[in-house]
Amino acid sequence: MNCTKCKIKAVIKLPRHNAAFCKDCFNGFVHDQVAKAIKSQKMFSKDNRILVAVSGGKDSLALWDILLKMGYKADALYVNLGIGGYSKPSHIKVVRFAETVAAAHGATLHVHTVELDEGAGIRELAMLVHRPTCSTCGTIKRYQFNRAAIEHKYDVMATGHNLDDEAARLLGNVLRWQEEYLDKQAPSLPASVEGFAKKVKPLYRLTERELAAYAVLNRIDYIVEECPMAKGARTLLYKEVLNRLETESPGTKQAFYWGFLDKQSKPEASPTTMAEKDQAALHPCSACGQPTTVEICSYCKLMARAGSAKS
Ligand code: AMP
Ligand code: FES
Ligand code: ZN
């Protein structure tokens, strides 16, 4: 198998593009896909300051690596969740990448430690408020991503969600016709109101397999294990189903998600934009001042419940 572009020996085959690439051409392909995502979804420019949320996994470290190599000003934020056996090794991977690759580009790493700032690790907090660990974790991460971006005056917040993540999420939302969630599934969400950072997903055109290959070929040392709290078994099932369809008929995943984005971008698809809807419903949380649609935001409610359960 030879590289479709330069004809030397290929290292990876991409059936959905009917192509195979050597290492250099594959890196070029990955950078092209990210450049297309940034341009078509108007994510950011070379003048903007970007904050990448990095978990220590392949996707987010690859994203930080790609943005730096493409010449963007990208710093990162790691949230240490205090999950025994998982957070420590992932923290080590993030710091190692920051001190070697990122520092050479002049980029810095911010760290938020849940045990220090929220007073207990994610598992303990979830037990205190009687909520599933993953939803407690989601509330805290979303809040801290936004707070860090606003406090440090970044123009945009980027996460490492890939095509598999987005297609699986879309399948879940469509199966239940959760239209209010469909609205928020764009790879670029504007900073609709003051206090809300713009959020983007520059890897939505690349699959999990392609990002794993990028990380390995570029010697990015990432944490292979998934979080032990097992990300909703459902998402894993949706990913499996989509992978089976993809094997039978390459290109299914991208046709499904990109087709959705095409439809969504038509003006008649959303007469009222999300920014307008948000603008109408949001106001500052009476406890912390971050935007929320209710009196007290879900993060402050969670922390108040955890506090009273402790005392
Ligand atoms: P996940 O929901 O675990 O698939 O993660 C999706 C994205 O959220 C990752 O690609 C990262 O950009 C970000 N992320 C997840 N966990 C963390 C974390 N502990 N610290 C910083 N960013 C994270
Ligand atoms: Fe949040 Fe696992 S519970 S990453
Ligand atoms: Zn609040």
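For the structure itself, look to the data block above.
Residues numbered from 1 in each chain as written. Chains lettered and ligands numbered in written order. Predicted model: local features only at pLDDT ≥ 70, side-chain atom pairs only at ≥ 80, totals over all residues. Heavy atoms only, no water.

## Quick word on the pattern of salt bridges
- Scanning all chains against the criterion turns up ten salt bridges.
- Between E210 and R16 there is a salt bridge, with its nearest N and O atoms 2.6 Å apart. Separated by 194 residues along the polypeptide, E210 in helix α9 (residues 208–217) and R16 in the loop between β1 (12–14) and β2 (19–21) bring together distant segments of the chain.
- With relative accessibility at 2%, the residue E210 sits in the buried group.
- For R16, a relative accessible area of 12% puts it in the buried group. (Salt bridge = Lys/Arg side-chain N within 4 Å of Asp/Glu carboxyl O. Helix = DSSP H or I, 4+ residues; strand = E, 2+ residues; numbered from the N terminus. Buried < 20%, exposed > 50% of the residue type's maximum accessible area, 1.4 Å probe, protein only.)

## Some details on the environment of K199
- Checked against the element boundaries, K199 lands in strand β8 (residues 198–200).
- Residue classification places K199 among the partly exposed positions, given a relative accessible area of 27%.
- Placed 54 residues apart in sequence, K199 and F145 show a C-alpha to C-alpha distance of 9.6 Å.
- The contact partners of K199, leaving out residues within four places of it in the chain, are N146, M157, P187, S188 and L189.
- There is a polar contact of 3.2 Å between the side chain of K199 and the backbone oxygen of A197. (Contact = heavy atoms within 4.5 Å. Polar contact = N/O pair within 3.5 Å; in protein donor to acceptor, adjacent residues only side chain to side chain.)

## Here we look at the sheet that holds strand β4 (residues 73–80)
- The mixed open sheet is built from six strands, whose spatial order is β5-β4-β3-β6-β8-β7. In this open sheet, the two edge strands, each paired with only one partner strand, are β5 (109–113) and β7 (188–189).
- Relative to β8, strand β6 (residues 156–158) is paired through three bridges, and the arrangement is parallel. Across the sheet, the residue bridging to A158 is V200, located in β8.
- This element, helix α3 (residues 87–104), spans β4 and β5 of the sheet and lies at about 160° to β4. (Pairing = 2+ DSSP bridges. Axes fitted to C-alpha atoms, helices over the stretch in contact; angles between N-to-C directions.)

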